[in-house]
Amino acid sequence: TSIGDYAFRGANSLTSITIPNAVTTIGNGAFFGATTLTSITIPAATTSIGAGALQGANALTEISVNSFSQSYSSIDGVLFDKSASVLLKYPAAKSGTSYEIPESVTSIKWRSFENAASLTAMSIPASVTDVEDFAFENATALTDFNFLGDAPTNLAADSFAGIAAGAIANISAGASGFGSGPTWNGLAINREVLITNGNYVCTTGELDLDGENSTYFIFNGVVFFLKYKEFFLVIDICYSIGHCCYK
């Protein structure tokens, strides 16, 4: 009732597979280098998935989990443990250029975003404390990491190894753990200004919110631009301060 270590290694003609319901263990590297495998479903009985089981399966667009599983779960095609506190594997060929890690996640596992070719931006919630080695290896388009809280406290030596050159860590002005220098774990630090009303973040500059000469104001969480005594809704203010504010 198991799939052995490296059982389907290099199975380059395998596009889909039906794993028997009785399988309890998927071994280390079971589908390592199965470069044409596009989808997989984890059975309810599976209680153990070995290290690197899906490593190099770079055509994967979705990882599904039987809804009766007591060990694993899938959210939007991404593999997690049952409680969705551990992010195990993001499918390398999943569509979309941005991804928001769920707020339930505390740990990002080894090579979980490896070869995620389409990703250019990612939001990491304040709940994440652990990032394992090579979590983002060869995700060469991933240039923006938006940290929504303090820096993760438990990092491996190579947590951000293999990321895109010039990748940026966007952090709030009050975030701790990122140090005071221009870089952090290979990421260029961009200290953002948190706008107090409406959860808007600006990547450079400050909105002049005080005084009668204010250029912008915020009402009910929406940024407005004051010009010629008229109010204009600002979807982004890229043209005003060089970078976007976003909600």
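Each residue is numbered by its place in its chain's sequence as written, counting from 1. Where totals are concerned, whole chains, interfaces and linings use all residues; where local detail is concerned, this predicted model gives features only for residues with pLDDT of at least 70, and gives and counts side-chain atom pairs only at 80 or more. Heavy atoms from the whole structure form the basis of all side-chain values; hydrogens and water molecules are not counted.

Draft legend 1. Local environment of the pairing of strand β3 (residues 39-42). For every residue, the accessible area (1.4 Å probe, protein chains only) is compared with the maximum for its type, and the residue is labelled buried under 20%, exposed over 50%, or partly exposed between those bounds. Put simply, DSSP marks the helices as runs of H or I at least four residues long and the strands as runs of E at least two long, and each gets a number from the N terminus on. Burial along β3 is one-sided: the residues Ile40 and Ile42 are buried and none of Ser39 and Thr41 is. A pair of strands is labelled paired if DSSP reports no fewer than 2 bridges between them. Relative to strand β5 (residues 62-65), β3 runs parallel, the two sharing four bridges. Looking at β5, one finds that isoleucine 42 is bridged to valine 65.

Draft legend 2. A look at the nonpolar core. Nonpolar core, defined: a set of buried Ala, Val, Leu, Ile, Met, Phe, Trp, Tyr and Cys residues in which side-chain atoms within 4.5 Å join the residues together. Membership of the largest hydrophobic core comes to 33 residues, with the highest contact counts inside it found for Phe113, Phe136, Phe145 and Phe147. Of all elements in the fold, only β7 (78-81), β11 (121-124), β13 (144-147), β15 (168-172) and β17 (187-195) reach the threshold of two or more residues within this core. Not counting chain neighbours up to four residues away, the residues in contact with phenylalanine 113 comprise Leu87, Tyr90, Tyr99, Ile101, Ile108, Leu119, Met122, Ala135, Phe136, Glu137 and Ala139. Core analysis: the second largest hydrophobic core is formed by 19 residues, Leu14, Ile19, Ile42 and Ala53 among them. Note on definitions: a residue-residue contact is assigned when non-hydrogen atoms from the two residues lie within 4.5 Å.

Draft legend 3. Fine view of the pattern of salt bridges. Any carboxyl oxygen of Asp or Glu within 4 Å of a side-chain nitrogen of Lys or Arg constitutes a salt bridge here. Enumeration over the complete set of coordinates arrives at three salt bridges. Between lysine 94 and aspartate 76 there is a salt bridge; the shortest N-O distance is 3.2 Å. Placement of the pair is lysine 94 in the loop between β8 (86-89) and β9 (98-100) and aspartate 76 in the loop between β6 (72-75) and β7, with a sequence separation of 18 residues. When its relative accessible area of 10% is taken as the criterion, lysine 94 is described as buried. The shortest N-O distance in the salt bridge between lysine 109 and glutamate 132 comes to 2.7 Å. Of this pair, lysine 109 sits in the loop between β10 (107-108) and β11 while glutamate 132 sits in the loop between β12 (130-131) and β13; the two residues are 23 residues apart in sequence, bridging distant segments of the chain. For lysine 109, a relative accessible area of 27% puts it in the partly exposed group.

Draft legend 4. How the structure looks around the pairing of β8. Alignment of β7 against β8, held across two bridges, turns out to be antiparallel. Bridging from a neighbouring strand, phenylalanine 80 pairs with leucine 87 of β8. As defined by bridge partners, β8 adjoins β10 across two bridges and the pair is classed as parallel. The partner of valine 86 across the bridge, within β10, is serine 107.

Draft legend 5. Structural view of the sheet that holds β10. With mixed pairing, the six strands of this open sheet are ordered in space as β6-β7-β8-β10-β12-β14. Edge positions in the sheet fall to β6 and β14 (154-155), since each of these pairs with one other strand and no more. The pairing of β10 with β12 spans two bridges and is parallel. Along β12, the bridge assignment pairs isoleucine 108 with valine 131.

Draft legend 6. Representation of the packing of aromatic side chains in the model. Two rings from Phe, Tyr or Trp (for Trp, the six-membered ring) form a pair when their centres are within 6.5 Å of each other. A pair whose planes differ by under 30 degrees is stacked, one over 60 is edge-to-face, and the rest are tilted. Scanning all chains against the criterion turns up 14 aromatic pairs. Ring plane angle 5° and centroid distance 5.1 Å describe the contact between phenylalanine 8 and phenylalanine 31, whose orientation is recorded as stacked. Of this pair, phenylalanine 8 sits in the loop between β1 (2-3) and β2 (25-26) while phenylalanine 31 sits in the loop between β2 and β3, and the two are 23 residues apart along the sequence. Consider the rings of phenylalanine 136 and phenylalanine 160, whose centres lie 5.3 Å apart with planes at 20°: the pair is stacked. On the criterion of sequence distance, the pair formed by phenylalanine 136 in the loop between β12 and β13 and phenylalanine 160 in the loop between β14 and β15 is long-range, its members being 24 residues apart.

Draft legend 7. Region of interest: the environment of glycine 174. Locating glycine 174 in the fold gives a position in the loop between β15 and β16 (183-184). Along the sequence, glycine 174 and glycine 149 sit 25 residues apart, while their C-alpha atoms lie 8.8 Å from each other.

Draft legend 8. Focus on the sheet that holds β2. The three strands are arranged β1-β2-β4 in an open sheet whose pairing can be described as parallel. In this open sheet, the two strands that pair with only one neighbour each are β1 and β4 (48-49). Where β2 and β4 come together, two bridges link them in parallel fashion. Counted as the bridge partner of isoleucine 26 is isoleucine 49 from β4.

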